[in-house]
Amino acid sequence: YFLLLFFIYLKMERIIFLVIGLFCCCSVSAQELPNEFYARVVGISDGDTFKVLYQENQEIKIRLGHIDAPEMGQPFGKSAKKFASDLCFGKEVKIVRQSKDKYQRIIAEVFIEKTNVNKEIVRAGYAWHFKKYSSDKEYEKIENEARENKRGLWQDKTSIAPWAWRDIKKTKKSTKKVLLFDCVL
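Here is what the cut-offs are and how they apply
Residues numbered from 1 in each chain as written. Predicted model: local features only at pLDDT ≥ 70, side-chain atom pairs only at ≥ 80, totals over all residues. Heavy atoms only, no water. pLDDT = per-residue confidence, 0-100. Contact = heavy atoms within 4.5 Å. Core = buried A, V, L, I, M, F, W, Y, C linked by side-chain atoms within 4.5 Å. Buried < 20%, exposed > 50% of the residue type's maximum accessible area, 1.4 Å probe, protein only. Helix = DSSP H or I, 4+ residues; strand = E, 2+ residues; numbered from the N terminus. Pairing = 2+ DSSP bridges. Salt bridge = Lys/Arg side-chain N within 4 Å of Asp/Glu carboxyl O.

1. Here we look at the confidence of the model for the protein chain
Atomic detail in the predicted coordinates should be set aside for any region of low pLDDT. On average, residues of the protein chain score 86 in pLDDT, and 76% of them are at 70 or above. Considering only residues more than four positions removed or in separate chains, one finds that residues 15-27, a stretch of pLDDT under 50, has 4 contacts. This stretch, residues 178-184, has a pLDDT under 50; its non-local contacts, to residues over four places away or in other chains, come to 0 contacts.

2. Some details on the nonpolar core
Grouped together as the largest cluster of nonpolar side chains are 30 residues, with contacts concentrated most on F50, I62 and I121. Within the residue set of this core, elements represented by two or more residues are β1 (36-46), β2 (49-54), β3 (58-64), α2 (77-88), β5 (92-100), β6 (106-112), α3 (117-123) and α4 (137-148). Dropping the residues within four chain positions of it, I62 is found in contact with D48, T49, F50, V52, I95, I106, A108 and V110. Core analysis: the second largest hydrophobic core is formed by 5 residues, W128, A146, W154 and A161 among them.

3. With respect to the pairing of β3
Of all 7 residues in β3, 5 are buried; the element is thus mostly enclosed. Looking at chain direction, β2 and β3 are connected through 6 bridges and run antiparallel. Of the residues in β3, the one forming a bridge with L53 is E59. Linking β2 to β3, which pair antiparallel, is a turn of 3 residues; within it Q55 sits at a positive phi near 50°. Pairing of β3 with β6 involves 3 bridges; the strand directions are parallel. Bridge assignment links R63 to a residue of β6, and that residue is I107.

4. Digging into the pattern of salt bridges
The tally for this structure, following the rule as stated, stands at 13 salt bridges. Across the pair R63 and D68 runs a salt bridge whose closest N-O atoms are separated by 3.1 Å. Take D68: its relative accessible area is 0%, and that puts it in the buried class. Taking the shortest distance from any N to any O, the salt bridge between R123 and E120 comes out at 3.1 Å. Of the two residues, R123 and E120 both sit in helix α3, 3 residues apart, roughly one turn of that helix. Residue R123 is classed as partly exposed on the basis of its relative accessible area, which comes to 29%. Of the residues examined, E120 reaches a relative accessible area of 23% and is grouped as partly exposed. A single salt-bridge network, built from bridges that share partners, covers D48, R63, D68, E71 and R166.

5. Section: unusual backbone geometry
Although it is not a glycine, E56 adopts a positive phi angle of roughly 65°. As for its position among the elements, E56 is in the loop between β2 and β3. A relative accessible area of 70% means that E56 is categorised as exposed. Positive phi is not limited to glycine here, since Q104 has a value of about 70°. Among the structural elements, Q104 can be located in the loop between β5 and β6.

6. Examining the side chain of N118
You can see N118 is positioned in helix α3. Here N118 falls in the buried class, since its relative accessible area comes to 0%. Ignoring anything within four residues of it in the chain, the contact list for N118 reads L64, G65, I67, A108, E109, V110 and Y139.

The structure is reproduced here in C-alpha cells:
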C-alpha cells in the first residue's frame, strides 16, 4: 500500500513539474507580445520563416509578411534560405506584427535597423510578392525589378511559385493515397 502511494506521489510530482515547465516555456503568448518588439534571429527555417529569441527566453516563429519564398525541396529554396541567413541570422531585429497564421506563426515585417528584410529578400530575387495575402504595391514593384534584372530565381524562366509548388505536392500526395487505397481494395 505504501509503495502504491509512493508511485502515485512520484507521478503527481512529474505532472506538476511538467505543468510548471510548460507555463514557464510558454509564458508569452502572441497576444501578449507588443505590436513592435526586438528579438535575436536564432533560426532560419527557409527563406520566409525565422525563429527569434524574445527577451532571452521566448522562442517565437516568424513568417515574413507580404512574401513567399521557394520551399526547401524546390529550386532556389536553399539559396533563399542562405540569403535570409546571411542577411539576419544572429542579429537583433525589429519585428512589426501584422497577424497570426493558421500555424500560430506571427506574420510580420522584419527590420535590421532601417532595412526591411522582407523587401530585401524579394529585391534579391529569392521570393515572390505573395499577392494572395498582400496588396502592397511596393512589393509588386520590387518583384518586377528583380524579374527584369534576372536576380535570384528569376534567372530561371521556368520558376514555379511556392503556392503552385505546394499545390502540386498536395496533388501528388493525394494521388498516392488514392493509388494505395485502390491497391488495398
